[in-house]
Amino acid sequence: MVFPIYVYGHPVLRKVTGIIDKDYKDLKQFIADMFETMDDSDGIGLASPQVGKSVRLFIVDTSTLKDEDPLLKDFKKVFINPSIIERIGEITPFNEGCLSIPGIREDVSRESKIRISYYDGDFNFYDEWYDGILSRIIQHEYDHLDGILFTDHLASLKKRLLKNKLNGISKGKFDVDYKTVLPGKRVRSK
Ligand code: NI
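All values reported here derive from a predicted model rather than from experimental measurement.

### Focus on the packing of aromatic side chains
Counted under the stated rule, the structure contains nine aromatic pairs. Geometrically, the ring pair formed by Phe-58 and Phe-79 is stacked, given 4.8 Å between the ring centres and 20° between the ring planes. With Phe-58 in strand E3 (residues 57–61) and Phe-79 in strand E4 (residues 76–96), this residue pair connects regions lying 21 residues apart in the sequence. Across the pair, exposure class does not vary: Phe-58 and Phe-79 are buried alike. Clustering of aromatic rings is evident, with ring pairs tying together Phe-58, Phe-75, Phe-79, Tyr-118, Tyr-126 and Tyr-130. Positioned above the aromatic ring of Tyr-142 is the side chain of Arg-56, whose terminal nitrogen or guanidinium carbon lies 6.0 Å from the ring centre. Positioned above the aromatic ring of Trp-129, the side-chain terminus of Lys-113 is 5.4 Å from the ring centre.

### Focus: the confidence of the model for the chain
Model confidence for the chain is summarised by a mean pLDDT of 95, while 98% of its residues fall at 70 or above. The spread of mean pLDDT over the elements of the chain runs between strand E8 (residues 186–188), the lowest at 72, and strand E2 (residues 45–47), the highest at 98.

### Describing the side chain of Glu-96
Tracing the backbone shows Glu-96 in strand E4. A residue is classified by how much of its surface remains accessible, and Glu-96, at 5% relative accessible area, is buried. Within polar-contact distance, the side chain of Glu-96 engages the side chain of Arg-136 at 3.3 Å. Setting aside its immediate chain neighbours within four residues, Glu-96 contacts Ile-104, Arg-105, Glu-106, Val-108, Arg-110, Arg-136, His-140 and Phe-150.

### Considerations on the environment of Asp-33
Turning to its location among the elements, Asp-33 is positioned in helix H1 (residues 27–40). Residues Asp-33 and Ile-133 lie 100 residues apart in sequence; the distance between their C-alpha atoms is 24 Å.

### Digging into the pairing of E4
Two faces make up the sheet, and in a regular strand the side chains alternate between them. Relative to E4, E3 runs antiparallel, the two sharing five bridges. Across the sheet, residue Ile-59 finds its bridge partner in E4, namely Val-78. The pairing of E4 with strand E5 (residues 106–119) spans 12 bridges and is classified as antiparallel. Bridge assignment links Thr-92 to a residue of E5, and that residue is Arg-110.

### Thoughts on the coordination of the nickel ion
Bound to the nickel ion are the protein donor atoms Cys-98 (SG), His-140 (NE2) and His-144 (NE2), situated 2.1 to 2.2 Å from the metal. In primary-sequence terms, the residues that donate to the nickel ion follow C-x41-H-x3-H. Taken together, the positions of Cys-98 in the loop between E4 and E5 and His-140 in helix H2 (residues 132–145) put the pair 42 residues apart, joining distant regions of the chain. Exposure class is identical for Cys-98 and His-140. Each is buried.

### Some words on the pattern of salt bridges
According to the stated counting rule, one finds 12 salt bridges in the structure shown. For the salt bridge of Glu-106 with Lys-158, the shortest nitrogen-to-oxygen distance reads 3.3 Å. Placement of the pair is Glu-106 in strand E5 and Lys-158 in helix H3 (residues 156–170), with a sequence separation of 52 residues. Among the charged side chains, a salt-bridge network with shared partners connects Glu-96, Arg-110, Arg-136 and Asp-143.

Thresholds, definitions, all that
Residues numbered from 1 in each chain as written. Predicted model: local features only at pLDDT ≥ 70, side-chain atom pairs only at ≥ 80, totals over all residues. Heavy atoms only, no water. Phe/Tyr/Trp six-rings, centres within 6.5 Å; stacked < 30°, edge-to-face > 60°. Helix = DSSP H or I, 4+ residues; strand = E, 2+ residues; numbered from the N terminus. Buried < 20%, exposed > 50% of the residue type's maximum accessible area, 1.4 Å probe, protein only. Lys NZ or Arg CZ within 6 Å of the ring centre and 35° of its normal. pLDDT = per-residue confidence, 0-100. Polar contact = N/O pair within 3.5 Å; in protein donor to acceptor, adjacent residues only side chain to side chain. Contact = heavy atoms within 4.5 Å. Pairing = 2+ DSSP bridges. Donors = N, O, S within 2.8 Å, 3.2 Å for Na, K, Ca; no water. Salt bridge = Lys/Arg side-chain N within 4 Å of Asp/Glu carboxyl O.

In structure tokens, the structure reads:
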């Protein structure tokens, strides 16, 4: 099932998410639906709050970025109850976008390398390091679990310049080819 994407201004995007326990109802189906939703909207990452579920889970699929780095071709993972343990390396800008903030892309500065622990869909535990594009995407998605959006990281002048555009998004002033939910919970079709 393809979920509609909750957009900027919806309170669920600002909530700190809750831990998922092993007997979370229909977890496998939820993960499958998350991947289906991300494919449908051509995303490379998607976090639960973006589909209106305030739980600690996000997915990453970089297969569409295979031309940038062949290593990204087969990267398709779910991160459950993740915890970023360390962020190191140079802080560099990278152009980011978000399915919940359609039409806006901005450079966001983040550390280049992270260490993250998480569980997969079968509740196997992992403790891994990531750098490059994967480190970027993971930090962006991880932020969603704490109610943080990439625009929060921008300098205050930039934020002021974007304010009208962001308010416009929460009022439905955007054009995307995936289903969305605006603040107030109206589902908008494609
Ligand atoms: Ni996002």
